[in-house]
Amino acid sequence: MDPNLTVDEIVETLSLMPHFEGGYFRETFRDPMVVDGDRTLVSYIYYMLTPTTPNTYWVRNKSPHMHLWHGGSSQTHMFIHPDGSLTKHKLGPDLKNGETMQVLSPGNVWKLSVTTDQTKWSIISEAVCPGWEERDFEYGDADKLAAEYPQHEDILRRYCKKKEQ
């Protein structure tokens, strides 16, 4: 992907729209096949972080997400697992320096994504199986998470969505 493209050019070309977490997205596929009664089998989106929204918030999703890097800045994906461990993964093209082109976000973990170069855009795809449903998503509450994972309080408070947002 051409690194000289502007955010506006990418938004227009890929028909992206504002995402409720910040950045831009577009669902590109939602399988008509359903599982568990009413869940779509799989869904895919483009998701772009930008210099004005260089990170997500701490969120938890029921389904696992496979993140696939397409262009722009690399990203750091952090996960807080139920046992309190925090893992970090670099998503991007620099394979010789530990980045990888895809990162699996397990279901039911707290996750956060931050662009490595916050002056640049970064675009990924997410494949979610079973497919993404709003009812399976929650924002992290800084007070509750800091009480549960005090060893990560600083980073939790920095990236949890503020209650007035």
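Since we're looking at a predicted model, the values are computed, not measured.

### What about the sheet that holds strand 10 (residues 102-105)?
Taken together, the six strands give an open sheet; going across it, the order is 1-2-5-12-7-10, and neighbouring strands pair in antiparallel fashion. Because the sheet does not close on itself, it has two edges, and the strands there are strand 1 (17-18) and strand 10. Alignment of strand 1 against strand 2 (residues 24-30), held across two bridges, turns out to be antiparallel. By the bridge assignment for strand 2, Met 17 is matched with Phe 25. Relative to the sheet, helix 1 (residues 7-14) contacts strand 2, strand 5 (43-49) and strand 12 (122-128), its axis offset from that of strand 5 by approximately 160 degrees.

### Thoughts on the sheet that holds strand 9 (residues 86-91)
Judged by pairing direction, the sheet is antiparallel, and its five strands sit side by side in the order 9-8-11-6-13 without closing on themselves. The open sheet is flanked by strand 9 and strand 13 (137-139), the only strands paired with a single partner. For this sheet the average axis-to-axis angle between neighbouring strands, irrespective of direction, equals 25 degrees. The sheet contact formed by strand 6 (residues 59-61) and strand 11 (residues 110-115) spans two bridges and is antiparallel. The residue bridging Val 59 from the neighbouring strand is Lys 111, located in strand 11.

### Section: unusual backbone geometry
A cis amide bond, omega -10 degrees, links Cys 129 with the succeeding residue Pro 130. The topology assignment puts Pro 130 in the loop between strand 12 and strand 13. One non-glycine residue, Asp 36, adopts positive backbone phi at about 50 degrees. Mapped onto the secondary structure, Asp 36 falls in the loop between strand 3 (34-35) and strand 4 (39-40).

### Describing the pairing of strand 12
Summarising burial for strand 12: seven of the seven residues are buried, a large majority. Side chains Ser 122, Ile 124, Glu 126 and Val 128 of strand 12 all project onto a buried face; the interleaved residues Ile 123, Ser 125 and Ala 127 project onto the opposite face, where all are buried too. As judged from the seven bridges shared by strand 5 and strand 12, these two strands associate in the antiparallel manner. The partner of Ile 45 across the bridge, within strand 12, is Glu 126. As judged from the seven bridges shared by strand 7 (residues 65-72) and strand 12, these two strands associate in the antiparallel manner. By the bridge assignment for strand 12, Met 66 is matched with Ala 127.

### Quick word on the packing of aromatic side chains
Enumeration according to the criterion identifies seven aromatic pairs in this entry. Judged by centre distance (5.9 Å) and plane angle (75 degrees), the rings of Tyr 57 and Tyr 139 are edge-to-face. Note that Tyr 57 is positioned in the loop between strand 5 and strand 6 and Tyr 139 in strand 13, a separation of 82 residues in sequence. Aromatic side chains Trp 132 and Phe 137 sit 6.2 Å apart centroid to centroid with 55 degrees between the ring planes, which places their arrangement in the tilted category. Overall, Trp 132 belongs to the partly exposed group, its relative accessible area being 25%. On the accessibility criterion, Phe 137 (15% relative accessible area) is buried. By the ring-pair criterion, three or more aromatic residues cluster together here, those being Phe 20, Tyr 57, Trp 132, Phe 137 and Tyr 139.

### So, the side chain of Thr 115
For Thr 115, the location among the structural elements is in strand 11. When its relative accessible area of 3% is taken as the criterion, Thr 115 is described as buried.

Analysis parameters
Residues numbered from 1 in each chain as written. Predicted model: local features only at pLDDT ≥ 70, side-chain atom pairs only at ≥ 80, totals over all residues. Heavy atoms only, no water. Pairing = 2+ DSSP bridges. Helix = DSSP H or I, 4+ residues; strand = E, 2+ residues; numbered from the N terminus. Contact = heavy atoms within 4.5 Å. Axes fitted to C-alpha atoms, helices over the stretch in contact; angles between N-to-C directions. Buried < 20%, exposed > 50% of the residue type's maximum accessible area, 1.4 Å probe, protein only. Phe/Tyr/Trp six-rings, centres within 6.5 Å; stacked < 30°, edge-to-face > 60°.

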